[in-house]
Amino acid sequence: MSQRRMFSPEIVDSDAFLDMPISSQALYFHLSMRADDDGFISPKKVMRLINAGDDDLKVLLTKRFLLPF
């Protein structure tokens, strides 16, 4: 069974989101697509898959688009 993920235009059209580098935006989408049903994910594998840097993850954490656990 395929899972369906939805992104809120309220988030992805916000100035805070659009002001981020495109690489951070891409990481956000890829992490969201691979997160479990509760929203948890280990980001390092996805970062390697799409060649994202540590700075991209730091941007998402700093702007609170991701929350660390």
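Rules used throughout
- Residues numbered from 1 in each chain as written.
- Predicted model: local features only at pLDDT ≥ 70, side-chain atom pairs only at ≥ 80, totals over all residues.
- Heavy atoms only, no water.
- Axes fitted to C-alpha atoms, helices over the stretch in contact; angles between N-to-C directions.
- Helix = DSSP H or I, 4+ residues; strand = E, 2+ residues; numbered from the N terminus.
- Parallel < 35°, antiparallel > 145°, perpendicular 65-115°, else oblique.
- Left-handed = near helix turned anticlockwise from the far one by under 90°.
- Contact = heavy atoms within 4.5 Å.
- Nonpolar A, V, L, I, M, F, W, Y, C, P; charged D, E, K, R; others polar.
- Buried < 20%, exposed > 50% of the residue type's maximum accessible area, 1.4 Å probe, protein only.

Engineer: Where do I start with the packing of helix α3 (residues 22–34) against helix α4 (residues 43–50) in this structure?
Structural biologist: Between two packed helices, the angle of one axis relative to the other and the distance separating the axes together describe the packing. Closest axis-to-axis distance for the α3/α4 pair is 10 Å, and the angle between their directions is 125 degrees. In terms of orientation, α3 and α4 fall into the oblique class. Where α3 crosses over α4, the handedness of that crossing is right-handed. Residues Ala 26, Leu 27, His 30, Leu 31 and Arg 34 of α3 touch α4, and the partners they reach there are Pro 43, Val 46, Met 47, Leu 49 and Ile 50. When the residues that make up the contact of α3 with α4 are grouped by side-chain class, the tally is eight nonpolar, one polar and one charged.

Engineer: I would appreciate a short explanation of unusual backbone geometry in the present structure.
Structural biologist: Of all residues except glycine, most have a negative phi; of all peptide bonds, most are trans. One non-glycine residue, Asn 51, lies in positive phi territory at about 60 degrees. One can find Asn 51 in the loop between α4 and α5 (54–62). A positive phi angle, near 65 degrees, is found at Arg 64, a position not held by glycine. For Arg 64, a relative accessible area of 62% gives the class exposed.

Note that all results are geometric; they support no functional claim without further evidence.
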